[in-house]
Every structure is written in structure tokens, then in C-alpha cells.
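The residues making up each chain are set out below.
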Amino acid sequence: MPARVGGKNEKNSERKLKWWQLSLIGVGCTIGTGYFLGSGIGISKTGPSIVISFILAGLTAMIVSELLGKMFVQDPQKGSFRSYAKKAFGRWAGFSSGWVYWFSEMLISGSQLTALSILTRFWFPNVPLWILASIYAALGIIVVLIGTKGFERTENLFAVMKVAAIFMFIILAILLLFGFFGGSIRDFNVPNTPDELFANGLTGLWSSLIFGFYAFGGIEIMGILSVRLEQKKEVIKSTTVMLIMLLSIYIISIILASTLVAFDQFNAEESPFVIALADYNLNFFPHVFNAGIIIAGFSTMAASLFAVTSMLVTMAEEGDAPKLFSKKGKLKVPPFALALTISILVISIVISRLVPDKVYEYITTAAGLMLIYNWFFILVSFPKLIKATTFDHIKRISAMLLILLAVSGTIFDKTNRMGFFVSILFVALVLIVILFMRKGKKKKNELPRGV
């Protein structure tokens, strides 16, 4: 993901993208450890019916991206959803949308950091989580300091690696069903009753929805990158193709994983795909797959770090964040913006030290919620800026109801509930800041002339 932290020369040097290139970059920015690791938490909550969560999340993502694309075609904006919220409802909306997105991306960085550490303990089980997290955090900051040019060149490669890892699992799982590696068609346990499909009832499915939505977190990045398309009108085609690719890959791999192993075998400590193939003659698979996930997850974390740093700089330039965050120094990245990013990463590491058993699940839930709060902003901004058809309204309202369903589902699960409260706390803080801003502006306007 490119960071808007450079000068004019850097911006002018950005090459234009074809629609399929944007689709590939979108896949690379979206698939992360939220899918590779977080999907296992979802399976543990609801069993094979996790597929329903992914389908509903995928349909919602398609509606959100289509409406965002329509706003972009009519009025291309570099700030994407944040700019549209500002135009639709005023400065407070752009401010809150920007900060909610910033915090969600910081949470994603934190969750990726924790996930990478958990996955690395596959080889180093005795190394504390916080030490591994510190190493990955340092590497991520180095990538940010190096700049965006080299990172952009490898983003498509990372996308290919992620998709290749999933395809490797799909092919091996299918070969198992045909009798290879000690497998058998009898290992494919298709649920025959509602109890087998919904392992923990409808409540379990409800609480698993957030993990389906989190796997699609990143579609808003397509809006930010759309300004680089050769043909702006192709943005909807690009995002639709990307989401169809993602949904197809996700559904096939999740069906195979959730039917090869009992749902209570999945957890937040291992990838569900590694667990699914653990009992077969595939000794090489866990090592290769784990390495692939770590590399892919690191790319997503680095992309999130670029996003939060550049978003902070942009907000500072537009007066929605303290001006000091846009002040440039000798580094390629404004030092105060970088310092805040590092500070949040340090907090993530401290949290992983204090509550290592549940930290990934807490952060994943909160990050997923913060992302779809911005999806909601996109949906409510649309009719303010575009003349919506009846079908647009039907899709928009349906997507809003599904988002509310996913948010409310987190309240029913003890672990998810903590993530819900974290997200609500941050939204409350943003609203308090907005109230103080409005109060300060009102007082300023009330001052007599000459004061």
C-alpha cells in the first residue's frame, strides 16, 4: 500500500494501474493473518456454518465497494471514504472517519504482530510472545523508514504468495480425499444435521460473523488506491473481480478445513489449515505453509503501518490532527507521525505480555469492528452524494443490517465482548474530541471583533 508521505516528485512518479493490477494489489492488501489465523477462531465458535458468515460478509463487502466505487466515479477523491463522509456530513464526519480508520489499521498492525509471533512459536515454542512481537515490530518500522518504492514492487509478489499458500492447501486437501498421503473420502465429514452444521447453535453463528467480516477488511484500501487507475470508471469492475476471487478462495478452503477436522480442534494459536492436515503424511506442509503465512502476514502489517502513518500525515495537513505530525525531518517519514506509530506498537507488545492467551482474539475483534464502522459511514454517505436508485437503497439497507448483526454478535461471546468495548471506547473518545472542537469553535466565533 503506497504511503502519501513524499513530495511532488514521488507522487508524479506513481505509475498508473490497470484494473486487474488494482485487483491483485487489493487481494494482497486484504488477505492476511485475519484469514489465515482468525478464521480458525470463527470455526471454533460455529463449526462448518462459518461458511455462511463468510458469504454474508462477502456480499456486504461487494455492496460497500460498489457504492464507494460509484461515489469515486462521480467525484474522484484521494481521501476516498473519509472525503465523502466530510462532503456528506461536514468536518466532524471526515474527522471521525479518518481517526476510526487510523485506529482500526493500528489494531490490524497489532493483531498481525501478535499473529506473526504466535505462528513463529511453531518453531520456537519457548520464546515469549512479546520478544517475537518486538522483533517483527522493529522489522516493520525499518520497512516504513526505507520508503514505499521497493515495497510497491513486491506487493504483487506478496499477493501471489498468499494465494499460492491457499491453493497449496486446497490441492493437498483434495488429493487427501482421493486417497493420497493416507487420506480417504471418508475423512470429508459433510454435516447431515442442523446440530452438525451449527456447532453452537445460531448464537455461535452470530458471534462468528465478525471473523468473516474481518477477513474482508481492506476493501476500503481499494478506494484509496483508485486514484491511480488508468480508467477511473473501471474501479467497480476491479473491486468486484477482487471480491469474487477472495470469496471463491475463502469458501473452498474453509469448507475443506472445517469438514476435515472436528470444530472443537480449532483455536487461536494455530492456523486452521495446518490443523486440518496435521494427521496426514504431510510433514513438510506445516513448515512451508507457516513460512508462507508469516511472509504474507508481515506484508499486510507493513502495509497497515504505511497506511496509518500516511493517513496521520494527511489528517495533520488538513487540520484534523495536530500539525506537528506533518512536520518533516531528515527521515523519509515525518518523525512525529512515525513516533506515534511506534508508540502504539509498543502498547500492543505490552498488552501481549500481560494477556498473551487472549490478546489476538481481543485485538482481532476490535479491529474488525472498527473497519466495519467505516463501512457503515460509506453506506450512510452514499445517498447524500449520489442520486440512489430503489435497488441501491435496498442493497444499502441490507448491508447496514448485516453490519449491525455482526456488531451485535460480538456481545454474545465473552472474548469478543472485550473487543467490542475497546472499539466503543475509541469511538466515544473521538466523539468527545469532536464536542470539544465544536465548543472551541463556538467560543471563538462569540469573541468580539478585535479580540
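Residues numbered from 1 in each chain as written. Predicted model: local features only at pLDDT ≥ 70, side-chain atom pairs only at ≥ 80, totals over all residues. Heavy atoms only, no water.

- Taking an unreviewed UniProt entry as the reference, the chain is identified by name as Amino acid permease belonging to Lysinibacillus halotolerans.
- Turning to the chain, the UniProt record has this under Subcellular location (unreviewed entry): "Cell membrane". (UniProt positions renumbered as here; feature names shortened; annotations may be inferred.)

**Side note on unusual backbone geometry**
One can expect most non-glycine residues to show negative phi and most peptide bonds to be in trans.
Here is step 1 of the chain: Even without being a glycine, Phe181 presents a positive backbone phi close to 55 degrees.
Here is step 2 of the chain: Along the chain, Phe181 turns up in the loop between helix H9 (149-177) and helix H10 (194-197). (Helix = DSSP H or I, 4+ residues; strand = E, 2+ residues; numbered from the N terminus.)

**Side note on the packing of aromatic side chains**
Here is step 1 of the chain: Under the counting rule described, the total for this entry stands at 20 aromatic pairs.
Here is step 2 of the chain: Note on Tyr35 and Tyr250: the rings are 4.2 Å apart at their centroids and 20 degrees apart in plane angle, and the pair reads as stacked. Of this pair, Tyr35 sits in helix H3 (residues 33-36) while Tyr250 sits in helix H13 (residues 235-260); the two residues are 215 residues apart in sequence, bridging distant segments of the chain. The residues Tyr35 and Tyr250 share a single accessibility class, namely buried. (Phe/Tyr/Trp six-rings, centres within 6.5 Å; stacked < 30°, edge-to-face > 60°. Buried < 20%, exposed > 50% of the residue type's maximum accessible area, 1.4 Å probe, protein only.)

**Points about the pattern of salt bridges**
Here is step 1 of the chain: Here the structure, examined in full by the defined rule, presents twelve salt bridges.
Here is step 2 of the chain: We note a salt bridge from Lys70 to Asp392, for which the minimum N-O separation is 2.9 Å. With Lys70 in helix H5 (residues 50-74) and Asp392 in helix H18 (residues 390-409), this pair connects stretches of sequence that are 322 residues apart.
Here is step 3 of the chain: When its relative accessible area of 26% is taken as the criterion, Lys70 is described as partly exposed.
Here is step 4 of the chain: According to the relative accessible area criterion, Asp392 is buried, its value standing at 4%.
Here is step 5 of the chain: Note that Asp320 and Arg82 form a salt bridge whose closest N and O atoms lie 3.0 Å from each other. Placement of Asp320 in the loop between helix H15 (285-317) and helix H16 (335-354) and of Arg82 in helix H6 (residues 81-89) is noted, with a sequence separation of 238 residues between them. For the residue pair Asp320 and Arg82, the accessibility class agrees, reading buried in each case. (Salt bridge = Lys/Arg side-chain N within 4 Å of Asp/Glu carboxyl O.)

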